[in-house]
Amino acid sequence: MPSAQTKILWLRKTLRIHDNPTLKACMEDASTVLPVYVLDKWHSNPQNVGDVRFEFIMESLRNLDEKFKKCGVDAGVIFVRGEPEKVLPKIWEAVDAKAIGFDTSEEAEKHSQKTDEDVAGLANKADVKVIDEPAHWMHPPGLYERHMNGGEVPTTMSSFETLFSQCGSVREPLSAPKSIPYDKGTADKALDAIRKALDVEDLTVPKSGDNKFYKGLKREQRKLRFPGGEDEALKRLEKVVEKQPDWVASFEKPKTAPTGLEPQTTVLSPYLNAGCLSLRRAWHAVKKAEKDAKGKPTQPPTSLAGQLLWREHWLTIGYFTEEDISKMKGNPLARQIDWDWDNDAKELFAKWEAGETGYPFIDAIMTQLREEGWIHHLARHMVACFLTRGDCFVSWEKGFDVFDRLLIDADWSVNSCNWMWLSCSAFFYQYFRCYSPISFGKKWDPDGDYIRKYVPALKDMPKKYIYEPWKAPREVQEKAKCIIGKDYPERIIEDHTATSKENMNRIKEDYDLSSSTVK
DNA sequence: GGCCGTGTTGGGAAT
DNA sequence: GATTCCCAACACGGC
């Protein structure tokens, strides 16, 4: 009875076959492994997941589909729509699956934990074994938990590093399987049963150019600057890490420019986030590069290894904090700050999001974010400071939403923690350290080439005025074919220096208030 | 992984 | 060759 050994691999954030312990566990004693991706309502909605981020997932799935097929999984990835807790039980019943594999460490999001629990609960009831093999982190959550000894999750990098080292060395990544158990007769019957149970014809991953699919979701299919997929991830790892050990060993994050027309960092984050690349694989590649390099490697937190530690650090905070850390209220980590949300603030926010602040550096960054789905870490600092404590005094939660929708590396925990950091709500409190939208970019890019690329209206503005075009005399604006107020917007904040000073005082008041009420 | 004003210093050109 | 001046490049501290 071949169906007795059919197992379902529920794909979410581990969109790869290398170093995939859940896949490996599913393969044991299985005659057929059926990989399933469930596109839920939340991810379908362009208001939650923007077109670029969505396409990154779709490309990753298409690549994974190919890879499964090459391993003998004839049907490739089974692509269905609906809510996992509703769809998956129908599938395991239809195919008489004995087990379902998924990684509960993958997502710290509170709503995902609920979905995970629901799916696991229903599986238990149906006598379907749940295979939970943590794949997404360097160390599994349970290992951190043991070493936390019932204590709180670390909230500083140095305490996290201690915890990380107590967990021992990072396990070596598993290699990708050459073939995956698949019995075509069983699988074909299973697919038919799934079609019947879900009342759908097509179970394949939508192809590139499938207009019906994209239109149905009210989406435009986007051409990506950073293509999704495991093959792309491994290619990039090879290019930026394995083949340039000296660069890896000398890497210091704060010294990389946010304005590079070619990224000055690795851009591995989208691949790590979607699980196209295993963190353990990346970790060992970085460690090997450090060893192979001529000079002494730089150290965390600014080194490349340090960047992987930051990710892991934020993931543990999201996972081990019971409350929703993407919100300010009820968030034990976040300082309570009286952000503005009147009509003026709403307008500032809308202009910020649209890249129409009248500050060229801000607008260039927001345009790159919208068009390409990735921006440099310090560019994130710049626009986050501007939206929150620096200029607009809008809550970091609003910025979180925009980043969550637009970034191809959007991770719920990482994103929450970084927004709290930049807005001086948690982890970092030096509110008088404020980024200037004029001088910050100039340091790296005095000619303003970055601005010229992403804000074409300013392409012919002389270097002298590229960061402050409102200062250009009328005849200069005319010559550059860029009249401020007509071809490029007026500033939404007239005086950055004065406004940021006022805002510093407001943060200070909130700080004083919270320190007098707490304790 | 601030910014800015102020102060110091050290090399190079002019005298 | 010694002196002066200029200014870029840092360093520091207050916000």
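Procedures and definitions
Residues numbered from 1 in each chain as written. Chains lettered and ligands numbered in written order. Predicted model: local features only at pLDDT ≥ 70, side-chain atom pairs only at ≥ 80, totals over all residues. Heavy atoms only, no water. Phe/Tyr/Trp six-rings, centres within 6.5 Å; stacked < 30°, edge-to-face > 60°. Buried < 20%, exposed > 50% of the residue type's maximum accessible area, 1.4 Å probe, protein only. Helix = DSSP H or I, 4+ residues; strand = E, 2+ residues; numbered from the N terminus. Lys NZ or Arg CZ within 6 Å of the ring centre and 35° of its normal. UniProt positions renumbered as here; feature names shortened; annotations may be inferred. Contact = heavy atoms within 4.5 Å. Expected span 1.5 Å × (residues − 1). Near = heavy atom within 4 Å. Polar contact = N/O pair within 3.5 Å; in protein donor to acceptor, adjacent residues only side chain to side chain. Nonpolar A, V, L, I, M, F, W, Y, C, P; charged D, E, K, R; others polar. Salt bridge = Lys/Arg side-chain N within 4 Å of Asp/Glu carboxyl O.

Trainee: Help me understand the packing of aromatic side chains, please; the structure alone is not making it clear to me.
Mentor: The description of two aromatic rings rests on the distance between their centres and on the angle between their planes. Applying the stated criterion across every chain yields a total of 37 aromatic pairs. Ring plane angle 80 degrees and centroid distance 5.3 Å describe the contact between Phe213 and Tyr214, whose orientation is recorded as edge-to-face. A relative accessible area of 10% means that Phe213 is categorised as buried. The interplanar angle of 75 degrees and the centroid separation of 5.3 Å between the aromatic rings of Tyr359 and Trp470 together place this pair among those described as edge-to-face. In this pair, Tyr359 sits in the loop between helix 15 (343-354) and helix 16 (360-372) while Trp470 sits in the loop between helix 21 (449-454) and helix 22 (474-479), placing the two residues 111 residues apart along the sequence. You'll find Tyr359 and Trp470 in the same group, each marked buried. Over the aromatic face of Trp10 sits the side chain of Arg12, whose NZ or CZ is 4.4 Å from the ring centroid.

Trainee: How do you make sense of the UniProt feature "domain: Photolyase/cryptochrome alpha/beta" (unreviewed entry) in chain A when you look at a structure like this?
Mentor: Mapped onto this numbering, the UniProt entry annotates "domain: Photolyase/cryptochrome alpha/beta" (unreviewed entry) at residues 5-141. Secondary structure content for residues 5-141 is 44% helix and 18% strand, and the end C-alpha separation is 29 Å.

Trainee: What should I look at first to understand the UniProt feature "site: Electron transfer via tryptophanyl radical" (unreviewed entry) in chain A in this one?
Mentor: Residues annotated by UniProt as "site: Electron transfer via tryptophanyl radical" (unreviewed entry) correspond here to Trp339, Trp396 and Trp419. Look at the named residues: they lie 81 residues apart in sequence, but the longest C-alpha span between them is just 13.8 Å, so in the fold they bunch up. Considering the arrangement of structural elements, one finds Trp396 in helix 18 (residues 396-406). Within the element layout of this structure, Trp419 appears in helix 19 (residues 412-422). The contacts of Trp419, once residues within four sequence positions are left out, are Trp352, Ala384, Leu387, Thr388, Trp396, Gly399, Phe400 and Phe403.

Trainee: Could you clarify how one ought to interpret the side chain of His43 in this entry?
Mentor: Along the polypeptide, His43 turns up in helix 2 (residues 41-44). What makes His43 buried here is its relative accessible area of 18%. Those residues in contact with His43, other than ones at most four positions away along the chain, are Val49, Arg53, Phe54, Ile57 and Arg219.

Trainee: Mind showing me how you'd approach helix 5 (residues 110-125) here?
Mentor: One turn of an α-helix holds 3.6 residues; hence residues three or four places apart share an orientation. Between its first and last C-alpha atoms helix 5 spans 23 Å; for 16 residues at 1.5 Å apiece the expected length is 22 Å, and the two agree. When helix 5 is considered as a whole, its buried residues turn out to be Lys110, Ser112, Thr115, Asp116, Val119 and Ala123. Buried residues along helix 5 sit in contact with strand 1 (6-11), helix 4 (84-95), strand 4 (99-101), strand 5 (129-131), helix 14 (304-320) and helix 19. One or two residues past the end of helix 5 sits Asp127, with phi positive at roughly 65 degrees.

Trainee: In this structure, what is going on with the protein's contact with DNA strand B? I would like to understand it.
Mentor: Neighbouring DNA strand B are 14 residues; His377, Leu378, Phe432, Cys434 and Ser436 lie closest to it. Of what DNA strand B places within 4 Å of the protein, 48% of the atoms are sugar or phosphate. Between DNA strand B and Phe432, the relevant distance is 3.1 Å, taken from a base nitrogen to a main-chain nitrogen or oxygen of the residue. Broken down by secondary-structure element, the contributors of at least two residues to the surface near DNA strand B are helix 17 (377-390) and helix 20 (439-442). Counting residues per element, the surface near DNA strand B draws most heavily on helix 17, at three residues. Taken together, the residues that form the surface near DNA strand B break down as six nonpolar, five polar and three charged.

Trainee: What should I look at first to understand helix 19 in this one?
Mentor: In terms of residue burial, helix 19 counts as a mostly covered element, since nine of its eleven residues are buried. Within the sequence span of helix 19, burial applies to Trp412, Ser413, Val414, Asn415, Ser416, Cys417, Trp419, Met420 and Leu422. Contact partners of the buried residues in helix 19: helix 5, helix 14, helix 15, helix 17 and helix 18. With a side-chain oxygen positioned 2.9 Å from the backbone nitrogen of Ser413, the residue opening helix 19 is Asp411. Note on helix 19: the residue one or two positions beyond its end, Cys424, has a positive phi of about 60 degrees.

Trainee: I would appreciate a short explanation of the pattern of salt bridges in the present structure.
Mentor: Pairs can form between side chains of opposite charge whenever their charged atoms are close. Scanning the model with the defined rule gives 36 salt bridges in all. The shortest N-O distance in the salt bridge between Asp116 and Arg12 comes to 2.5 Å. Highlighted residues: Asp116 in helix 5 and Arg12 in the loop between strand 1 and helix 1 (21-27), separated in sequence by 104 residues. By relative accessible area, which is 11% here, Arg12 ends up buried. In this structure, Lys442 engages Glu468 in a salt bridge whose closest nitrogen and oxygen atoms are separated by 3.9 Å. Placement of Lys442 in helix 20 and of Glu468 in the loop between helix 21 and helix 22 is noted, with a sequence separation of 26 residues between them.

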